[in-house]
Amino acid sequence: MRCVGAVCEAHPRGEHPGGSEHPAPPVSRRGWLLLVALGVIWGVPYLLIKVAVADVSPAGVVLARSALGAAVLLPFALRGPGFGALRGRWRAVVLFAALEIVGPWLLFSDAERTLHSSTTGLLVATVPILSVVVGRVAGDRQPVAGVRWAGLLVALGGVAVLTGVSSDHPWPVTQVLLGALGYAIAPVVAERALQGVPASVLTTACLGIATAVYAPVVLLTAPHPVPGPAAIAALAGLGLVCTALAFILFFRLITEVGGPRSTLVAYLNPLVAVGLGAVVLDEPLGPSVLLATALIVGGSAAASLRLTPRRRPG
């Protein structure tokens, strides 16, 4: 299983519940367009968070994004069995929401009051290497190919380079890595307790839980200064585009290319985040950042490879 944002798909590597494997068909032009569009859209949040936290508290950013996203996605979640699909699974849903949204989004928003948006985007790209470690701790004893271990070491080297660049801000870096760890643990919860839950239902429920958590926080810390036009636009973009529209596109992407291939968007996100940070926010794009980008993205991609074993003839 692999999670992107708050959506999970079971049976990776082309596997089916019965255990047989079938070669996946080529990706269609529509599939590639959806992949690129979603890769760009999910690379934008780090820029928008950086803009929003200049005027809005981290809790306010998460609340606005979650509430807007939940409101738009609710009609999709109510189709079919609706939230009845979660009956008897709410404890797992709450834990999953905490690991996927409630914790990480606050940690990222708070960290970006200090860190560059590009640094946050690159550190979040370490999720695949953290997933390898989490999988071993959680009891996954399937053999891990040497290329995956090599990718893990390469990506860790990229994190070391990036951490050196941000050495003056150890806690914000730690916050982002803790959020990425939540992203890596969440699929284990979903795989063990949320199999068969429609993606739209799970996503909307998680956004609703985040809204319920942060609404009292924002109310109890009132009054808040009125955010400026740039911050308001950033919040609207986070909720409507980077959350609601992104998940709608992701649901269609899964239908078009399948769950495993849909995770390719994760390798476009950090590249978009670094580019936007440099072009829009004038964040430094020196040799160390470029080296860290290559090491983290390349290493994470290698660490997440799942090699299909060759079948013996007959």
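As a reminder, the structure under discussion sits directly above these lines.
Residues numbered from 1 in each chain as written. Predicted model: local features only at pLDDT ≥ 70, side-chain atom pairs only at ≥ 80, totals over all residues. Heavy atoms only, no water.

1. Details of the packing of aromatic side chains
Alright, step 1. Summed over the entire model, instances satisfying the criterion amount to three aromatic pairs.
Alright, step 2. Aromatic side chains Trp42 and Phe247 sit 5.3 Å apart centroid to centroid with 70° between the ring planes, which places their arrangement in the edge-to-face category. Here Phe247 lies in helix H10 (residues 229-257) and Trp42 lies in the loop between helix H1 (29-41) and helix H2 (45-52), a separation of 205 residues in the sequence. No difference in accessibility class separates Trp42 from Phe247, as the two residues are buried. (Phe/Tyr/Trp six-rings, centres within 6.5 Å; stacked < 30°, edge-to-face > 60°. Helix = DSSP H or I, 4+ residues; strand = E, 2+ residues; numbered from the N terminus. Buried < 20%, exposed > 50% of the residue type's maximum accessible area, 1.4 Å probe, protein only.)

2. Thoughts on the environment of Arg29
Alright, step 1. Turning to its location among the elements, Arg29 is positioned in helix H1.
Alright, step 2. Sequence-wise, Arg29 and Glu256 are 227 residues apart; in three dimensions their C-alpha atoms are separated by 10.0 Å.

3. Side note on helix H13 (residues 287-303)
Alright, step 1. In this model H13 runs 24 Å from its N-terminal to its C-terminal C-alpha over 17 residues, within 8% of the 24 Å that 1.5 Å per residue would give.
Alright, step 2. When H13 is considered as a whole, its buried residues turn out to be Val289, Ala292, Thr293, Ile296, Val297, Gly299, Ser300, Ala302 and Ala303.
Alright, step 3. Packed against the buried residues of H13 are helix H5 (117-124), helix H6 (127-137), helix H7 (146-165) and helix H12 (269-280). (Expected span 1.5 Å × (residues − 1). Contact = heavy atoms within 4.5 Å.)

4. A look at the side chain of Ser109
Alright, step 1. As for its placement among the helices and strands, Ser109 is situated in helix H4 (residues 90-111).
Alright, step 2. Looking at Ser109, its side chain comes within polar contact range of the main-chain oxygen of Trp105, at 2.8 Å.
Alright, step 3. Ignoring anything within four residues of it in the chain, the contact list for Ser109 reads Ile49, Val53, Pro58, Val61 and Val62. (Polar contact = N/O pair within 3.5 Å; in protein donor to acceptor, adjacent residues only side chain to side chain.)

5. Here we look at the environment of Thr293
Alright, step 1. Locating Thr293 in the fold gives a position in helix H13.
Alright, step 2. Judged by relative accessible area, which is 9%, Thr293 ranks as buried.
Alright, step 3. Sequence separation between Thr293 and Gly158 is 135 residues, and the spatial gap between their C-alpha atoms is 7.0 Å.
Alright, step 4. Setting aside anything within four residues of it in sequence, one finds Thr293 in contact with Leu122, Leu271, Val274 and Gly298.

6. Quick look at the nonpolar core
Alright, step 1. With 68 residues, the main nonpolar core has Leu38, Phe96, Leu194 and Leu253 as its most contacted residues.
Alright, step 2. Those residues within four positions of Leu38 in sequence are excluded, and the remaining contacts are Ala246, Leu249, Phe250, Leu253, Val265 and Asn269.
Alright, step 3. With 13 residues, the next largest nonpolar core counts Ile49, Ala64, Ala231 and Leu238 among its residues. (Core = buried A, V, L, I, M, F, W, Y, C linked by side-chain atoms within 4.5 Å.)

7. Quick word on the side chain of Thr126
Alright, step 1. For Thr126, the position within the fold is in the loop between H5 and H6.
Alright, step 2. Not counting the four nearest positions on each side in its chain, Thr126 is found in contact with Val159, Leu177, Ala180, Ile296 and Ser300.

8. Remarks on the packing of H4 against helix H9 (residues 199-220)
Alright, step 1. Remark: H4 packs on H9, axes separated minimally by 9 Å, with the N-to-C direction vectors making an angle of 65°. You can see that H4 and H9 cross each other, and the crossing is right-handed. Listed contacts from H9 to Trp90, Val93, Val94, Phe96, Ala97, Ile101, Val102, Trp105 and Leu106 of H4 are Leu202, Ala205, Cys206, Leu207, Ile209, Ala210, Val213 and Tyr214.
Alright, step 2. Taken together, the residues of the contact of H4 with H9 break down into 17 nonpolar, no polar and no charged. (Axes fitted to C-alpha atoms, helices over the stretch in contact; angles between N-to-C directions. Left-handed = near helix turned anticlockwise from the far one by under 90°. Nonpolar A, V, L, I, M, F, W, Y, C, P; charged D, E, K, R; others polar.)

Distances and angles like these do not, on their own, reveal function.
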